[in-house]
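# Structural overview for review
Here is what each chain is made of, one letter per residue.
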Amino acid sequence: MFLIFSYLNMWSSFWGPVYYSFSHLTLHEYFTAQYIVNNEGAVKNLLSEKYVTDDSWNEVYLLTASLLDNADDFFERFQETIDDLITDDDELVAFIQRVKWKSDSVDADYKPAAVRAFYLSLAIDRASAIAFTNKLGLYDLETALSELTIPDENASAEEWKKLAENLRKIMVAHRDIGHQWDFSKKQFDNLNAYLKATCLLVDCLKISTVSNRDEIEGRILLPPEPKGESAQDSIE
């Protein structure tokens, strides 16, 4: 508290008999978070799509999460807002559903949410998963990957395209992943917002007081219920 008032003395500027201005952004964010914690309606407003997708509010989220005596309701609402970012898009829901199905098929000593995050990153950026295959015990996949011929730095664009296609075929054959998802730009934007908001939730959870951390982690990257056709129907 002493540190806070020291900042007040350092950064406040007198503008009149009753008005003060605080120049340092940290003070703006702290007092905003403190107000939100003390006002339930403000918490609900913070946990809306408008703010959860706005990077400039990230520090307020972190401060709010750390100031709450018990953040259970905060994270329940947070996850609902994240799900709402994609729940109206059956194709994105089907994509997250497939990620869950594939992660459930892996017997690994990792938390389920971590395995889902791996498969999701694999679907988006397949190259990022090569080094991780051994850790997950996917030895059949590791063998196939090791047999790939990697072009040298002077290789043509066509050779690199051939490698990418061969890699995709291996993923489909060995792990039933690597399928093409023809997302539109809007869908990619929504998926990106979904992932960024999920990362923010994880960062908030690290510094929060909650009743059951494992339960909250267990809901991360689970598919929301699609409002239209089922995820299975979308994939088939």
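As a reminder, the structure under discussion sits directly above these lines.
Structure report, in brief. (Residues numbered from 1 in each chain as written. Predicted model: local features only at pLDDT ≥ 70, side-chain atom pairs only at ≥ 80, totals over all residues. Heavy atoms only, no water.)

Let us look at the pattern of salt bridges. Considering all chains together, one arrives at eight salt bridges under this definition. Notably, a salt bridge pairs Glu-40 with Arg-77, separated by 3.3 Å at the nearest N-O pair. With Glu-40 in helix α3 (residues 40-46) and Arg-77 in helix α6 (residues 72-84), this residue pair connects regions lying 37 residues apart in the sequence. Take Arg-77: its relative accessible area is 27%, and that puts it in the partly exposed class. Its salt-bridge partner being Lys-100, residue Asp-104 comes within 2.7 Å of it at the nearest N-O pair. Within this pair, Asp-104 and its partner Lys-100 are both found in helix α7 (residues 90-104), separated by four residues, close to a single helical turn. Classification of Lys-100 as partly exposed rests on a relative accessible area of 23%. Each member of the salt-bridge network shares a partner with another, and the members are Lys-111, Asp-214 and Glu-217. (Salt bridge = Lys/Arg side-chain N within 4 Å of Asp/Glu carboxyl O. Helix = DSSP H or I, 4+ residues; strand = E, 2+ residues; numbered from the N terminus. Buried < 20%, exposed > 50% of the residue type's maximum accessible area, 1.4 Å probe, protein only.)

Here we take up the layout of surface pockets. What the largest pocket holds in volume is close to 300 Å³. Only α8 (112-124), α12 (185-206) and α13 (213-218) provide two or more residues apiece to the lining of the largest pocket. Taken together, the residues of the lining of the largest pocket sort by class into 11 nonpolar, two polar and four charged. Approximately 160 Å³ is the volume attributed to the second largest pocket. Val-37, Asn-39, Glu-40, Val-43, Leu-68, Asn-70, Ala-71, Asp-73, Phe-74 and Arg-77 together form the lining of the second largest pocket. Breaking the lining of the second largest pocket down by element, the ones donating at least two residues are α3 and α6. Among the elements that make up the lining of the second largest pocket, the one with the highest residue count is α6 (three residues). For the lining of the second largest pocket, the class distribution of residues is five nonpolar, two polar and three charged. (1 Å grid on protein atoms, 1.4 Å probe; cavity = no way out; pocket = protein on both sides within 12 Å on 5 of 7 lines; lining within 4 Å. Points joined across faces, edges and corners; volume = space filled by probe spheres on them. Nonpolar A, V, L, I, M, F, W, Y, C, P; charged D, E, K, R; others polar.)

Another aspect to go through is the packing of α7 against α8. The interhelical angle for the contact between α7 and α8, taken along N-to-C directions, is 125 degrees, at an axis separation of 9 Å. In terms of their interaxial angle, α7 and α8 are classed as oblique. Between α7 and α8 lies a crossing whose hand is right-handed. Residue-level inspection shows Phe-95, Ile-96, Val-99, Lys-100, Lys-102 and Ser-103 of α7 in contact with α8, the latter providing Val-115, Arg-116, Tyr-119, Leu-120, Ala-123 and Ile-124. Looking at the contact of α7 with α8 residue by residue, the classes come out as eight nonpolar, one polar and three charged. (Axes fitted to C-alpha atoms, helices over the stretch in contact; angles between N-to-C directions. Parallel < 35°, antiparallel > 145°, perpendicular 65-115°, else oblique. Left-handed = near helix turned anticlockwise from the far one by under 90°. Contact = heavy atoms within 4.5 Å.)

These figures capture arrangement, not role.
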